[in-house]
Amino acid sequence: MSKPLLLLITLITTLTTCYSEAEVNGMFVFGSSILDSGNNNYLPNTTARADYLPYGLDFPLGPTGRFSNARNIIDVLGALLGLPSLIPVFNDPQTRGDKVIHGVNYASGGSGILNSTGSISTLYSLGARKFVLLNINPNGCAPVVTIQTSGLCVEPINAAILLFNARLRLLVDRLRPSMLGSKLIYINAYKIIRDIIDDPTHQEEFATFSLDEIPTFEALRLTCFAEVKQPCCKVSSNGLCERGGSVCQSRNSYLYFDGIHVTDAVNALIARKAYETNSIIEAYPINVKQLARL
């Protein structure tokens, strides 16, 4: 009997998870810098790299190519699904043999949306049956954009993203009839981030947590994203952190780590909500945890 597959797409990002009857076996990831865990480290001609400090400043392994101060969404979601280790990147020559038992991460910073790389139908034909579609962040509010508008979100950009996201959500219902046996869900990362921007949780103290543990929903609710406009690190013209540049001290209180990507705390919040939220606005029609049990 073949194992069912879970697939997650963020931008053009895809995550495929293989299940046994009782537990998660592995995860296969395709996509952009949001989920890149180090594939671009092995690409000599790209400037979209995060293999230097301050990236990975709070990660036990240091700078690994993750566009964050620590974990990305895949790291947190993989832990929530019970995976025993981090997902290795495809471009690493050591990602062979037994190292691929629990999955492979193909995500690459700077990748775009093409039929050849973003085709759900193709992945379905290869055996994917459970799909999690993670929509696009409100990039019109990213610091690399708002630096020109005194911190104000550029709403025409967000309007275009919302149009794309709305059509992506329609795929959940429209693709199912032509993909027999498939299950698709939609995760609204746009709303999760925009809610932080529009109404930050103002607290005198914000919750801290060990990176060895997945923070509980309660702890995340106490996190104070006091800074939602400025990046935590000093950024260069391309929106990425300057190599060895200055970095904020209260990283869990920042929404953005660089000019484009969010902090570990926000990645943890998105992953946790994707996994167990009961809001159909945030996860439609069910969450990842429920999907995993189907």
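All residue numbers here refer to positions counted from 1 along the written sequence of the relevant chain. Local features in this predicted model are restricted to residues whose pLDDT is 70 or higher, and side-chain atom pairs enter the listing and the counts only when it is 80 or higher, whereas totals over whole chains, interfaces and linings include all residues. With hydrogens and water stripped out, all remaining heavy atoms of the structure feed into the side-chain values.

You'll find the chain entered in an unreviewed UniProt entry as GDSL esterase/lipase, with Acorus calamus given as the organism. UniProt positions are given in the numbering used here, feature names are shortened, and annotations may be inferred rather than shown by experiment. Database annotation for the chain, UniProt heading Subcellular location (unreviewed entry): "Secreted". Annotation of the chain in UniProt includes, under Sequence similarities (unreviewed entry), the sentence "Belongs to the 'GDSL' lipolytic enzyme family."

**Concerning the packing of aromatic side chains**
Classification of ring pairs uses Phe, Tyr and Trp, with its six-membered ring standing for Trp, and accepts pairs whose centres are within 6.5 Å; under 30 degrees between planes counts as stacked, over 60 as edge-to-face, and the remaining range as tilted. Under the definition given, this model contains four aromatic pairs. Here the aromatic rings of tyrosine 52 and tyrosine 55 are separated by 5.4 Å at their centres, their planes lie at 80 degrees, and the arrangement is edge-to-face. Relative accessibility thresholds used throughout: buried, under 20% of the residue-type maximum; exposed, over 50%; partly exposed, between the two (1.4 Å probe, protein chains only). Its relative accessible area of 0% is what places tyrosine 55 among the buried residues. The lysine or arginine in question, arginine 96, covers the ring of phenylalanine 90, its NZ or CZ lying 5.8 Å from the ring centre. Here the basic side chain of arginine 169 rests over the ring of tyrosine 284, its NZ or CZ set 3.8 Å away from the ring centre. Two limits define a charge over a ring: the Lys NZ or Arg CZ must be within 6 Å of the ring centre, and within 35 degrees of the ring normal.

**Here we look at helix H8 (residues 264–276)**
Taking 1.5 Å per residue, 13 residues should reach 18 Å; H8 reaches 18 Å between its end C-alpha atoms and fits that length. Counting buried positions along H8 gives twelve out of 13 residues, so the element sits mostly inside the fold. Asp264, Ala265, Val266, Asn267, Ala268, Leu269, Ile270, Ala271, Arg272, Lys273, Ala274 and Tyr275 are the residues of H8 that are buried. What counts as a helix is a DSSP run of H or I of at least four residues, what counts as a strand is a run of E of at least two, and both are numbered from the N terminus. A helix is expected to span 1.5 Å multiplied by its residue count minus one.

**Notes on the pairing of strand E5 (residues 130–134)**
Of all five residues in E5, five are buried; the element is thus mostly enclosed. What you see with E5 is no split at all: Lys130, Val132 and Leu134 on one side and Phe131 and Leu133 on the other are buried throughout. Paired strands are those between which DSSP finds at least two bridges. Strand direction decides the pairing type here: E5 and strand E6 (residues 183–187), joined by five bridges, are parallel. Residue pairing for E6: lysine 130 is matched across the bridge by lysine 183.

**A word on the nonpolar core**
We define a nonpolar core as any set of buried Ala, Val, Leu, Ile, Met, Phe, Trp, Tyr and Cys residues linked to one another through side-chain atoms lying within 4.5 Å. Counting residues in hydrophobic clusters, the biggest one holds 40 residues, and the most contacted among them are Ile193, Leu255, Tyr256, Val266, Ile270 and Val288. Looking at this core, the elements with two or more residues in it are strand E3 (24–30), helix H1 (73–80), E5, E6, helix H6 (189–198), H8 and helix H9 (288–292). By residue number, the principal contributor to this core is H8, which donates eight residues. By size, the runner-up hydrophobic cluster in this structure holds 13 residues, among which are Ile120, Leu133, Val172 and Leu184.

**Some words on the pattern of salt bridges**
Each salt bridge in this description consists of a side-chain nitrogen of Lys or Arg and a carboxyl oxygen of Asp or Glu lying within 4 Å of one another. Taken as a whole and judged by the stated rule, the model has eleven salt bridges. Arginine 49 is the salt-bridge partner of aspartate 51, the closest N and O atoms lying 2.8 Å from each other. Look at aspartate 51 and you get partly exposed, because its relative accessible area is 25%. Across the pair glutamate 155 and arginine 194 runs a salt bridge whose closest N-O atoms are separated by 2.9 Å. Taken together, the positions of glutamate 155 in helix H5 (residues 155–174) and arginine 194 in helix H6 put the pair 39 residues apart, joining distant regions of the chain. Each member of the salt-bridge network shares a partner with another, and the members are Glu155, Arg194 and Asp198.

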